[in-house]
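# Report on the structure
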Amino acid sequence: MSQLQGIITRLKNLQEQGSGGEPAQRFFEVNGERKCQVTFHPKTETFELEVYNEKEKPKRYQFDNIDMITIEIFDLIQ
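Before going into details, it helps to say that this report is about the structure given with it. (Residues numbered from 1 in each chain as written. Predicted model: local features only at pLDDT ≥ 70, side-chain atom pairs only at ≥ 80, totals over all residues. Heavy atoms only, no water.)

### Some points on the side chain of Glu48
Quick reminder of the rule: Per the convention used, a helix needs a DSSP run of H or I reaching at least four residues, while a strand needs a run of E reaching at least two, with both numbered from the N terminus. Each polar contact in these results corresponds to two N or O atoms within 3.5 Å; when the atoms are within protein, one needs to be able to donate a hydrogen and the other to accept it, and residues that are neighboring in sequence are counted only if both atoms are side-chain atoms. Contact definition: two residues touch when any of their heavy atoms are within 4.5 Å.
Here Glu48 shows up in strand β3 (residues 46-51). Engagement of the side chain of Glu48 in a polar contact is seen with the side chain of Arg60, the distance being 3.4 Å. In this structure Glu48 touches Gln37, Val38, Thr39, His41, Arg60, Tyr61 and Gln62, once residues within four positions along its chain are discounted.

Written out as structure tokens, the structure reads:
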């Protein structure tokens, strides 16, 4: 399985977990270091990407397209 397919699979699982109405979260790590956190908000059907950078506050981005957030996560973990 390619890395992109793995990310998409994890995001789709996140959507299914959030189907109960509560936001669902997942972390993405590289070598044990957290790179980002994704939260799926089922009420608005949007993803929130929180990017962790050393010595900076986390930055948050909103996505309504699973393909776009997949590309962003892929770039972060490369």
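### Here's the deal with the packing of helix α1 (residues 3-17) against helix α2 (residues 66-77)
Here is the rule: Every axis corresponds to a line fitted to the C-alpha atoms, with the helix fit spanning only the stretch in contact, and the corresponding angles, defined between N-to-C directions, vary from 0 to 180 degrees. Geometric relationships in this document are graded by angle, where less than 35 degrees denotes roughly parallel, more than 145 denotes roughly antiparallel, 65 to 115 denotes roughly perpendicular, and other angles denote oblique. Working rule for handedness: look at the near helix, and if it is turned counterclockwise from the far one by less than a right angle, call the crossing left-handed; if clockwise, right-handed. Three categories are distinguished: nonpolar for Ala, Val, Leu, Ile, Met, Phe, Trp, Tyr, Cys and Pro, charged for Asp, Glu, Lys and Arg, and polar for the others, with Gly belonging to the last.
One can describe the packing of α1 onto α2 by two numbers: an axis separation of 10 Å at closest approach and a directional angle of 125°. In this view, α1 runs oblique relative to α2, as classed from their interaxial angle. You can see that α1 and α2 cross each other, and the crossing is right-handed. Contacts from Gln3, Leu4, Ile7, Ile8, Leu11, Lys12 and Gln15 in α1 reach Ile66, Ile69, Thr70, Ile73, Phe74 and Ile77 in α2. Along the lines of polarity and charge, the residues of the contact of α1 with α2 split into nine nonpolar, three polar and one charged.

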